[in-house]
Amino acid sequence: MAQVSINLDDYTVTPPHAAFEACAEEARKLSLAVAGSELVGLIPREALLLAADYYIQRENLFILDERQKVRLAVERLG
């Protein structure tokens, strides 16, 4: 088991979903499972909506409601 810790100072440069997916890809290369992720502190709503838009596009989903988008982002980010 391993843990990756990252300080994301500017979500417009590196959105949380980009960091999560990069770590997940490296784990897949090593045949490791991803148990989840943890947020310490606050996150801007816009960062969650960026993550939601990423997963909506990747999974070809249709979600308009902001609350559902936030739930989707939280779910996909573990």
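Residues numbered from 1 in each chain as written. Predicted model: local features only at pLDDT ≥ 70, side-chain atom pairs only at ≥ 80, totals over all residues. Heavy atoms only, no water.

*Asks:* How should the side chain of K69 be read in this particular structure?
*Replies:* As for its position among the elements, K69 is in helix α3 (residues 66–76). On the basis of relative accessibility, which here comes to 18%, the residue K69 falls in the buried class. Beyond its immediate sequence surroundings of up to four residues, K69 is in contact with L49, A52, D53, I56, I63 and L64. (Helix = DSSP H or I, 4+ residues; strand = E, 2+ residues; numbered from the N terminus. Buried < 20%, exposed > 50% of the residue type's maximum accessible area, 1.4 Å probe, protein only. Contact = heavy atoms within 4.5 Å.)

*Asks:* How should the environment of T14 be read in this particular structure?
*Replies:* Tracing the chain through its elements places T14 in the segment before α1 (16–29). Between the C-alpha atoms of T14 and K69, which are 55 residues apart in sequence, the distance is 19 Å. Those residues in contact with T14 that lie beyond four places of it in its chain are L8 and A19.

*Asks:* Quick question: what am I supposed to make of helix α2 (residues 45–58) here?
*Replies:* Since the α-helix turns once every 3.6 residues, residues separated by three or four places project in the same direction. The terminal C-alpha atoms of α2 lie 20 Å apart, and with 14 residues this matches the ideal 20 Å at 1.5 Å per residue to within 8%. Of the residues making up α2, those classed as buried are A47, L48, L49, A51, A52, Y55 and I56. Just past α2, the residue N60 takes up positive phi, approximately 55 degrees. (Expected span 1.5 Å × (residues − 1).)

*Asks:* Please explain the pattern of salt bridges as it appears in this structure.
*Replies:* Where charged atoms from two side chains of opposite charge come close, those side chains can pair. Applying the stated criterion to the full structure yields seven salt bridges. The salt bridge involving R28 is made with E25; its shortest N-O contact spans 3.2 Å. Of this pair, R28 and E25 both sit in helix α1, three residues apart, which is roughly one turn of the helix. Under the relative-accessibility criterion, E25 is labelled partly exposed at 34%. (Salt bridge = Lys/Arg side-chain N within 4 Å of Asp/Glu carboxyl O.)

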